[in-house]
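Remarks on the overall topology
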Amino acid sequence: DTGVSQDPRHKITKRGQNVTFRCDPISEHNRLYWYRQTLGQGPEFLTYFQNEAQLEKSRLLSDRFSAERPKGSFSTLEIQRTEQGDSAMYLCASSPDLVTEAFFGQGTRLTVV
Amino acid sequence: AQSVTQPDIHITVSEGASLELRCNYSYGATPYLFWYVQSPGQGLQLLLKYFSGDTLVQGIKGFEAEFKRSQSSFNLRKPSVHWSDAAEYFCAVGTGFQKLVFGTGTRLLVSP
């Protein structure tokens, strides 16, 4: 088990383009979380899944953002019509349950130019 | 609403000196509290957590933190800092590990 894996590690895109990030959680972790971290700030919660069900979404997750976890394993986060304000590190984490440590991936750094 | 305040943006400590990073929180119920560390280009690593019980909690890498309900604080301490401790430290509050609310972080610099 190599931990939480995120792909790509870095993404540069032009404003208005769509981007998709992937997160592979630790196997058998049924909870998966997405956070966004902008420069000089702490991570901010975006959404989380229990198995394939998306149980909560932050108000930060505008209608341009969509997250899926179709088979309860890997997850994708798509941003449509990217804006410069979307530039951030997108972090994924997974845990087996509510009270056991959530392990974070190394993140995907998005730069919108 | 839940919130976390880390009043120190940067702290510089000499190697071998003691360290205390401050964290104050606002939470409506009994909080679950966490300290994470983030090294450049790395993800977040959990140092320690407080759910209940003994208010002094021990973590990895020689860190400890004390929960003080009366002060709404959860300060992180280490008796002797090593150069490898230089990183960004985040305090967080939540209900278990879901939907954590993080502070803005404190960057620790370690001088020789």
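Scope of this entry: the structure provided in the associated data block. Just so you know, these numbers come straight off a predicted model, no measurement behind them.

1. Some points on the overall build of chain A
Within chain A one finds zero helices and 11 strands. The helix and strand sequence of chain A, counted from the amino end, reads β-β-β-β-β-β-β-β-β-β-β. Its C-alpha radius of gyration of 13 Å places chain A within 12% of the 13 Å reference for a compact globule of 113 residues. By principal-axis analysis of the C-alpha atoms, chain A measures approximately 35 × 25 × 25 Å. Partitioning the intrachain contacts of chain A with sequence separation of at least 6 by distance along the chain shows that 53% fall at a separation of at least 24. Within the structure as shown, chain A displays about 5,700 Å² of accessible surface, and the carbon and sulfur contribution to it stands at 44%.

2. Quick look at the packing of aromatic side chains
Counted under the stated rule, the structure contains 17 aromatic pairs over all chains. Look at Tyr35 of chain A and Phe102 of chain B: their rings are 5.7 Å apart centre to centre, the planes differ by 85 degrees, and that puts the pair in the edge-to-face class. Of the two residues, Tyr35 of chain A sits in strand β4 (residues 31-37) while Phe102 of chain B sits in strand β11 (residues 98-102), which places them in two different chains. Taking the relative accessible area as the measure of exposure, Tyr35 of chain A reaches 1% and is therefore buried. A residue is classified by how much of its surface remains accessible, and Phe102 of chain B, at 9% relative accessible area, is buried. With centroids separated by 6.5 Å and ring planes inclined at 35 degrees, the aromatic side chains of Phe34 of chain B and Tyr36 of chain B adopt a geometry described as tilted. Classification of Tyr36 of chain B by relative accessible area gives buried; the value is 0%. Joined through ring pairs, the aromatic side chains of Tyr33, Tyr35, Phe45, Tyr48 and Phe104 of chain A together with Tyr32, Phe34, Tyr36, Phe51, Phe90 and Phe102 of chain B make up one cluster. For Arg22 of chain A, the ring lying beneath its charged end belongs to Phe74 of chain A, and the centroid distance is 3.9 Å. The aromatic ring of Phe51 of chain B is capped on one face by Lys49 of chain B, whose charged end is 5.8 Å from the ring centroid.

3. Quick word on the pattern of salt bridges
Oppositely charged side chains can form a pair if their charged atoms are brought close together. Residue and element names in this part refer to chain B. Tallied over the entire structure, the rule returns nine salt bridges over all chains. Measuring nitrogen to oxygen at the nearest pair gives 2.9 Å for the salt bridge that ties Asp8 to Arg22. Taken together, the residues span a long stretch of sequence, with Asp8 in the loop between β1 (3-5) and β2 (10-14) and Arg22 in the loop between β3 (19-21) and β4 (24-26) at a distance of 14 residues. For Asp8, a relative accessible area of 18% gives the class buried. On the accessibility criterion, Arg22 (38% relative accessible area) is partly exposed. A salt bridge links Asp85 to Lys78; the shortest N-O distance between them is 2.8 Å.

Rules used in this analysis
- Residues numbered from 1 in each chain as written.
- Chains lettered and ligands numbered in written order.
- Predicted model: local features only at pLDDT ≥ 70, side-chain atom pairs only at ≥ 80, totals over all residues.
- Heavy atoms only, no water.
- Helix = DSSP H or I, 4+ residues; strand = E, 2+ residues; numbered from the N terminus.
- Rg over C-alpha atoms; globule rule 2.2 N^0.38 Å.
- Contact = heavy atoms within 4.5 Å.
- Areas by Shrake-Rupley, 256 points an atom, 1.4 Å probe, with all protein chains shown as cover.
- Phe/Tyr/Trp six-rings, centres within 6.5 Å; stacked < 30°, edge-to-face > 60°.
- Buried < 20%, exposed > 50% of the residue type's maximum accessible area, 1.4 Å probe, protein only.
- Lys NZ or Arg CZ within 6 Å of the ring centre and 35° of its normal.
- Salt bridge = Lys/Arg side-chain N within 4 Å of Asp/Glu carboxyl O.

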